[in-house]
Amino acid sequence: MIEPDLLTALHEADDVLCVSHVSPDGDAYGSLLAMGLLLRNLGKRPVLAMHDRTPREFQSMPGASDIVGPAAVGAGYDLLIVLDTSSMDRVGAVFQPALHASIPVMVIDHHITNTYFGRINWVMPDCAATCQMLVYLADALAVPLTGKLAECLLTGIVTDTLCFRTSNTTPDVLEAAMRLMRGGGDLVHITQRLLTQRSYALFKLWGQVLQHVHLEDGVIWTTISLAEMKRAGNPSNDGQLSSTLITASEANMSATFTEKRNEQGRPVVECSFRARPGFDVATTALALGGGGHPAASGCTLPGTLNDVPPQVVAALKAAHQAQLAAQTQSTNYALTRE
Ligand SMILES: [Mn+2]
């Protein structure tokens, strides 16, 4: 399952830069920190870097205080490991072409939209989390799944599966999680801290933006303006609103459109999508220059809340219609076959 090339590259490297994606989630932190532990176990010198400052909910993860930002990354690495990230532009400013362009890149990821941008690409879309892959890597390296490693890896699996509720929660996922719990991973602590807690400010935000929620043809969506965000106290929202909107029983796809400014100060809209099991929002996100999973994906588009949402909602509705038709067709086929 793990290419010998990958293990050789790990064994041959000494100074390893490990990075993950912007707007990091539990799998980004879990896989980054776990990779650091695995490398240290092999006697390597890893540096762990993230584009974003570590949000409060991840600061207590083992090793989180050692993560550096773009300014402190520096040069002189002989391997760059990119975790849980489908394309290089998703790592943000921690990858600096002037310093890092000649370092061999190792990609370890489970996104089906991965662009295989490394010299070594280990991509397993059947895995529910990059942390699940690192369970297999730990096995291959004969590192026991205990202590801090178990805590980090369980965090990624629990958060990416929304505590074992996503359609990619296979027996293999549960088996990996079971081994991590046996090794000391604290399931209750992780779910309590990362899945069931929301800030008061987030409720203030939702109170505003749920007043203009829309539902049409199986697609539910709302928008978040800069003004609404500011009034609520700029809570971090991530995909939480899309994940909540998809629980509407009338919807098969959800979207949240958040107004932002890019680094040049130009207006962009961050789009976050969710799909009910059996539906796919990754294709739409990919077509719009983004990426993700069938059940959860996103993209960022230039423009404002006046022009971006109508176009994107039209694309989602078309995808929804096509997927619904394909499902009806396969049901009819199954009936004829009987
Ligand atoms: Mn992930």
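Higher on the page you've got the structure.
This write-up is about the structure you can find in this document. (Residues numbered from 1 in each chain as written. Predicted model: local features only at pLDDT ≥ 70, side-chain atom pairs only at ≥ 80, totals over all residues. Heavy atoms only, no water.)

### Here we look at the environment of M61
Here is the rule we go by: A run of H or I in DSSP counts as a helix once it spans at least four residues, and a run of E counts as a strand once it spans at least two, with each numbered from the N terminus. Throughout this description, buried means an accessible area under 20% of the type-specific maximum (1.4 Å probe, protein chains only), exposed means over 50%, and partly exposed covers the range between. Whether two residues are in contact is decided by their heavy atoms, any of which lying within 4.5 Å being enough.
Tracing the sequence through the fold places M61 in the loop between β2 (45–49) and β3 (79–83). The exposure class of M61 is buried, given its relative accessible area of 3%. When the C-alpha atoms of M61 and L48 are compared, they prove to be 13 Å apart, with 13 residues separating the residues in sequence. Setting aside residues no more than four positions away along its own chain, M61 makes contact with Y29, G30, L33, C152, T155 and R193.

### Observations concerning the coordination of the manganese ion
Stated formally: The rule for donors is simple: N, O or S, within 2.8 Å of the metal, or within 3.2 Å if the metal is Na, K or Ca. Water isn't counted, so a site may look like it is missing partners.
The manganese ion binds to the protein through D27 (OD), D84 (OD), H110 (NE2) and D160 (OD), with metal-donor distances spanning 2.2 to 2.3 Å. Considered as a linear motif, the donors of the manganese ion on their single chain read D-x56-D-x25-H-x49-D. One end of the pair, D27, is in helix α2 (residues 26–41); the other, D84, is in the loop between β3 and α3 (97–100), with 57 residues separating them in the sequence. Relative accessible area serves as the criterion here: at 0%, D27 is assigned to the buried category. Given a relative accessible area of 2%, D84 falls into the buried group.

### Some details on the nonpolar core
To be explicit about the condition: Buried residues of nine kinds, namely Ala, Val, Leu, Ile, Met, Phe, Trp, Tyr and Cys, make up a nonpolar core once their side-chain atoms join them within 4.5 Å.
Residues L10, M35, I81, I108 and L137 are the most contacted members of the largest nonpolar core, which totals 55 residues. The element that contributes the greatest number of residues to this core is α2, accounting for eight residues. Those residues in contact with L137 that lie beyond four places of it in its chain are I2, L6, L7, L10, M35, L38, I108 and W122. Membership of the second largest hydrophobic core comes to 20 residues, among which are V269, C271, F279 and V313.

### So, the environment of A72
Looking at the secondary structure, you find A72 in the loop between β2 and β3. Note: C-alpha distance between A72 and L134 (62 residues apart in sequence) is 26 Å.

### Comments concerning the sheet that holds β3
What counts, and what does not: Strands are labelled as partners when DSSP assigns at least two bridges between them. To obtain an axis, a line is fitted to C-alpha atoms, over the contacting stretch when the element is a helix, and the angle between two such axes runs from 0 to 180 degrees between their N-to-C directions.
As summarised here, the arrangement of the five strands in space is β2-β1-β3-β4-β5, forming an open sheet in which the pairing is parallel. The sheet is open, and its two borders are formed by β2 and β5 (120–123), each paired with just one other strand. The sheet shows a mean angle of 15° between the axes of neighbouring strands, direction not considered. The sheet strands contacting α2 are β1 (15–19), β2, β3 and β4 (105–109), and the helix crosses β2 at an angle near 170°.

### Points about the side chain of D160
For clarity, the threshold we go by: In protein, a polar contact means a hydrogen-donor-capable atom and an acceptor-capable atom, both N or O and within 3.5 Å, with residues adjacent in sequence counting only if both atoms are side-chain atoms; elsewhere, any N or O pair within 3.5 Å suffices.
By secondary structure assignment, the location of D160 is in helix α5 (residues 147–160). Reaching out from D160, the side chain makes a polar contact with the side chain of H110 at a distance of 3.1 Å. In contact with D160, other than residues within four places in its own chain, are D25, D27, D84, H110, A128, A129 and T166.

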